[in-house]
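A structural walkthrough
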Amino acid sequence: MNNFLSLHYFIPEFILLLNVFCLFFSSEIKQRHLIKIRQILLIVSVVTFVALNLIRWFDHPCGLFYNSFVHDPFSNMFSIILLCVFLIFELPELWKYWSSGYTNDLLQKLIILTASILLLEANSTIGLLLCIGLIYIGNSIIMNRFSHLNTDNSQITVDLTIQILLFGLLFFGFSIVYGFTGSLYFHTAQLPAAALLESPFNFCFLTLFLILGLGLFGIILPFRTLHEDHHQTYHVKYYGSSYFLPFIALFGSLIRILNGIFPMIRNYGAVPGEYMVFVIGLSICLIAGANFYYFKKKTINDLFVISLIIHYGLIISGLAVFTKEALTVSIYLIISTTIILAGIILLQKSDKISTQSKLIKTVFYLGLIGMPGTPGFTGRFLLLRALYNGGVSLWLIVLIIISILPIIYFYTVEIISLHRIKTVHPGIKILPVPAFLAFFTILMVIYWEPFIQLITKSLVFFN
Amino acid sequence: MGNHLLLTILGLPVLGTFILILIKEEKSSVLKTISAVVTGLQLWIVIQLITNFDKSAGYLQFVEHFSWINLLNIDFVIGLNGINLLFLILSTVIFFSTVFISWQLGNRQKSFFVLMMLLNSGITGLFIAFDLFLFLMFYGISLFSMFLLITLFTSKSENINNGYFGIYALISFCLITIGILVINNQSPLSGFNLNALARNPEALMNIQTGGFFIFLIGFLLIAPVVPFHTWLVPAAGNSIASVSILLLALFSKISIFGILHIVIPLFPQSSIQFALIFGILGLVSILYFAFCVFSFPQYRKIVIYFTGFLNAFIYLGLSALLSIKHQNLDAALTGLNGAVIQSISAGLLIVIMVLLPKIRRTAQDRTPASGSNRWAVMFMMLMVLLAGIGLPGFLNFIGQFLCLSGAFHMLSTRIFSVIALLGLILVGVQFFKIIRSSIQVTNEFDFTTDLSEMSNEVIIVAVILIALLLLGIFPETVLQMIDRSVYSLIEYITVI
């Protein structure tokens, strides 16, 4: 059935697309009143997007275009998260757009935002690959725009090649999914529990492709963008919404696919031990690898990169048990990590350290350390608890804990050196966005129960 | 406020931390005044708690119980029994003293007072928490703030050595986290309420041995006990006097509190079964630290090792748990009472020991023209050293005597008590040498330490000495406070 009647549920996405087209076709327009209309349209779109998503957050799930795209509380929650992340990173860009009507790369970033939201709603292999393609193309254009800032253009070629390779990996992964299930739709691709138990290694293999394909965006790209880059502007500009939006969306998409393939949320306890050990092992390897990388290169940028990877490692360990509890905490952790890293990245723009920025940075660093009283601690504690309650052996949990010890030490050293830097008092303006993010970080701890409950309540998928 | 004394005593340093963060670094007098007011108010509340504490009751008092995180059945439970109260008194006195000792602290005053207040929040919370999750939170805060204090207030070249403390603290925190996760997973009771878990001993019956060792090693890692003591000298040896006091006098007591508060009530069977481990740890530490005290000529190192020496008696006292096996409850009561008293007396004693070089300098600086004043300071210095040896009449003597006496009751630990006396002799000889050196002003001992940061030391030492002396002469005051709680604990273990 072509469920065309639910089209009105996708109004937010359509108006975002409308903005993209408006920006694209009117890029040459110089008339003041037309620019004003374009600006107002963007603001109205963002407000409508938030309002509609909030109103329809917990509405009954529905599908569109033969269920290729779906609208459910899960996608709704992630859409709001993505929009917030977009606003956090692009507020200066949007302000520039509002005041002068001119922007360099807002169009590409809007494409990435829209594609990321659609990616979360994609319920079929075709829809998903289309959205990923859109994201990669948007990213390639942004990379290309900044290529002139780089002395070494080969980096851009490497980045693009990696994106193509990831796309290939994903394609291969979905071929296996199709081979197993005979369906291109995720909600109908449920595997019989018996098959799952009979061939757990095949599932490990499949998960590997999916995690690598969807997750390598979060692993390799930060290295590529920072590894050989000596130009500060390039990575600060790039390492923003255009990176974090796909990162979060791909993770959300991974949950949707796995939920469709493995009927685990419905049948608690159906997770085979081999699969569990495999995913935890993968997560530990990721964390350990990142730590070793930092031992080799000890720059502050590398520390941010490895902390993202380490947190990604922790987050995917939640997929090992695939219980509601573990998924909820994984999502909580990805939100808190994004907020903290966003705050740090925005603070990095300023070379000078004022007393206030020192304080805000300390709050963020403590969050990444996992100090009690920060979302880092709450997230990790709840995650370990969820893993243990989900049946992961104590030894594996001990290994996870051991693997995250080095990053705690690295950040502690960073806090100490931060407090040894002489502060600059006059003339340093405190960025309002990092200050707000620091406040929000604290809020996430004080009210973490409502946060967790909201995420748990949103874990309703189209079926 | 009368009804929420515990909530207030916990809330004050938390509030103090936030206020101190907002004050500019240049306003040092405001920073110091706020710290003094906060710790002073805490001291006043502790006095209120002591006066209102029902000594004849073994149950929890001043309980504040709120439902905190319904999702995980985590409650905000704080309360006091006799044991907790003594530790709370110790922490309040030490924090109050530290503010005045650090009055002339040179640079980075803001960092110091903020971190000290954070540590105050952590340790105060830790001593009154009756929910495992709450305990873990305060434990983490205490470890982290102590680590930052040690690292920030030491010479930069020594930072690599402070890494030891960081690693030990990290592993300790991880082990306690794992332990709490195991308890939460294995217990049929959902939630982390310590009292509820302790009231249902069968809930943790299948993880008695595992849980016992996870928590025990977790706590021992931050204790100055052989073989986990390697962080002690690098951490305390290079930091300023105030940080040394916080570390040696207070922080080193967290482990023993953890054992009394969590390990023994939750794992009673294993605590009795493996009580000999406490005895062995105690004896080995007594001998090792006594030998170190005996062989080092640097006063600073002597104090550090002396901390380990005093702490070791606590573990020897805990070995008296073994006598519960043979229904000798009196011996266990003596040992545990000794352990608690020794924790408190050791804490107070270390504060005055750290301040001794300044007292010595003050005594030397006084000209003969000032007459009796000089001799008063000299007398005070002698009393500090005599209290250190464990002179009868001081609380330290009572603590050590009860610990040795508790261990002496059982045949298997009797030999430990006898051998431990050898350690006392070694320390005694060294302390007499220090006394001789101090009176004759010889160069036998190196008293080098940064004295510029210390202030108000004469008043603080005098007050603590008088307190130790009075409590030593009238130990009943302390014993009455803890006796019911310790007895209830032993009674509970015996029933199981």
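Above: the structure in question.
The present account deals with the structure reproduced in this document. (Residues numbered from 1 in each chain as written. Chains lettered and ligands numbered in written order. Predicted model: local features only at pLDDT ≥ 70, side-chain atom pairs only at ≥ 80, totals over all residues. Heavy atoms only, no water.)

1. Section: the overall build of chain B
If you tally the helices and strands in chain B, you get 20 helices and 2 strands. Expected size for 496 residues packed as a compact globule is a radius of gyration near 23 Å; at 22 Å, chain B falls within 12% of this value. On the principal axes, the C-alpha backbone points of chain B span a range of 70 × 55 × 45 Å. Per-residue burial for chain B yields a buried fraction of 64% across its 496 residues. Expressed as a percentage of contacts within chain B between residues at least 6 apart in sequence, the contacts between residues at least 24 apart total 80%. Carbon and sulfur atoms make up 66% of the accessible area of chain B, which totals about 16700 Å². Between the mean site of the 21 positive side-chain charges and the mean site of the 18 negative ones, chain B shows a separation of 9 Å. (Helix = DSSP H or I, 4+ residues; strand = E, 2+ residues; numbered from the N terminus. Rg over C-alpha atoms; globule rule 2.2 N^0.38 Å. Buried < 20%, exposed > 50% of the residue type's maximum accessible area, 1.4 Å probe, protein only. Contact = heavy atoms within 4.5 Å. Areas by Shrake-Rupley, 256 points an atom, 1.4 Å probe, with all protein chains shown as cover. Lys, Arg positive; Asp, Glu negative; His and termini not counted. Charge placed at Lys NZ, Arg CZ, Asp CG, Glu CD.)

2. Observations concerning the side chain of Ser253 of chain A
Note on placement: Ser253 of chain A falls in helix 10 (residues 241-261). The contact partners of Ser253 of chain A, leaving out residues within four places of it in the chain, are Leu119, Leu120 and Leu128 of chain A.

3. Some thoughts on the packing of helix 13 (residues 275-295) of chain B against helix 14 (residues 299-318) of chain B
All names here are of chain B. Where helix 13 contacts helix 14, the two axes come as close as 7 Å, and the packing angle between them is 160°. As summarised for this structure, helix 13 and helix 14 are arranged roughly antiparallel, according to the angle between their axes. Read as a crossing pair, helix 13 and helix 14 show a hand that is left-handed. Seen from helix 13, the contacting residues are Phe278, Gly279, Gly282, Leu283, Ser285, Ile286, Phe289, Ala290, Cys292 and Val293; seen from helix 14, they are Ile302, Tyr305, Phe306, Gly308, Phe309, Ala312, Phe313, Tyr315, Leu316 and Leu318. Along the lines of polarity and charge, the residues of the contact of helix 13 with helix 14 split into 16 nonpolar, 4 polar and no charged. (Axes fitted to C-alpha atoms, helices over the stretch in contact; angles between N-to-C directions. Parallel < 35°, antiparallel > 145°, perpendicular 65-115°, else oblique. Left-handed = near helix turned anticlockwise from the far one by under 90°. Nonpolar A, V, L, I, M, F, W, Y, C, P; charged D, E, K, R; others polar.)

4. So, the interface of chain A and chain B
Contact residues are listed per partner, giving 30 residues for chain A and 36 residues for chain B. Interface of chain A and chain B: buried area, both sides summed, is about 3100 Å²; carbon and sulfur atoms make up 78% of it. Taken as a group, Phe381, Tyr388 and Arg420 of chain A account for 21% of the area that chain A buries against chain B, more than any other trio of residues on that side. Counting across the chain A and chain B interface gives 0 salt bridges. At the boundary of chain A with chain B, the tally comes to 2 residue pairs in polar contact (both at pLDDT 80 or more). At 12 residues, the largest contribution of residues to the side of chain A that touches chain B is made by helix 16 (residues 394-420) of chain A. When the residues that make up the side of chain A that touches chain B are grouped by side-chain class, the tally is 21 nonpolar, 6 polar and 3 charged. (Buried area = accessible area lost by both parts, 1.4 Å probe. Salt bridge = Lys/Arg side-chain N within 4 Å of Asp/Glu carboxyl O. Polar contact = N/O pair within 3.5 Å; in protein donor to acceptor, adjacent residues only side chain to side chain.)

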